[in-house]
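So you can see what is in the structure, the chains are spelled out below.
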Amino acid sequence: MVIIKKNLPVISGSLGVLECKAIQKIDAGDHIIFIGQIINIDKKDKEPLLYFRRNVGMVPAGWPN
């Protein structure tokens, strides 16, 4: 875990980070749903991994076509 601007925690090695401002809080039984407005995006130019049918791998060329 690393700390970025504004002392927000981020998982080390993550390919992207969405910084959001909570604009709505919804009580939903035994949990709470937060609706956020994106105020900053940070992304890396690396290939993401795909989790599909219990396997992790690279996104196939030409996918999803």
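Above this note sits the structure.
Owing to the predicted nature of the structure, the values given are computational and were not obtained by experimental measurement.

Each value, and the rule that gives it
Residues numbered from 1 in each chain as written. Predicted model: local features only at pLDDT ≥ 70, side-chain atom pairs only at ≥ 80, totals over all residues. Heavy atoms only, no water. Pairing = 2+ DSSP bridges. Helix = DSSP H or I, 4+ residues; strand = E, 2+ residues; numbered from the N terminus. Patch = residues over 30% accessible without salt bridge, like charges linked within 9 Å, V, L, I, M, F, W, Y side chains within 5 Å. Areas by Shrake-Rupley, 256 points an atom, 1.4 Å probe, with all protein chains shown as cover. Salt bridge = Lys/Arg side-chain N within 4 Å of Asp/Glu carboxyl O. Buried < 20%, exposed > 50% of the residue type's maximum accessible area, 1.4 Å probe, protein only.

## Structural notes on the pairing of strand β3 (residues 16–28)
- Across twelve bridges, the pairing between β3 and strand β4 (residues 31–43) is antiparallel. Bridging from a neighbouring strand, Cys-20 pairs with Ile-38 of β4.

## Things to note about a nonpolar patch on the surface
- A surface patch of nonpolar side chains, about 300 Å² in accessible area, is lined by Ile-23, Ile-26, Ile-33 and Ile-35.
- Counting residues per element, the ones that place at least two in the nonpolar patch are β3 and β4.
- Secondary-structure assignment places Ile-23 in strand β3.

## A short note on the pattern of salt bridges
- Summed over the entire model, instances satisfying the criterion amount to two salt bridges.
- Note that Asp-42 is salt-bridged to Lys-44, the shortest N-O span being 3.2 Å.
- Take Asp-42: its relative accessible area is 37%, and that puts it in the partly exposed class.
- Judged by relative accessible area, Lys-44 falls into the partly exposed class, the value being 41%.
- For Lys-43, the salt bridge is made with Asp-45, and the minimal N-O distance between the two is 3.1 Å.
- Lys-43 gets classed as exposed once you look at its relative accessible area, which sits at 57%.

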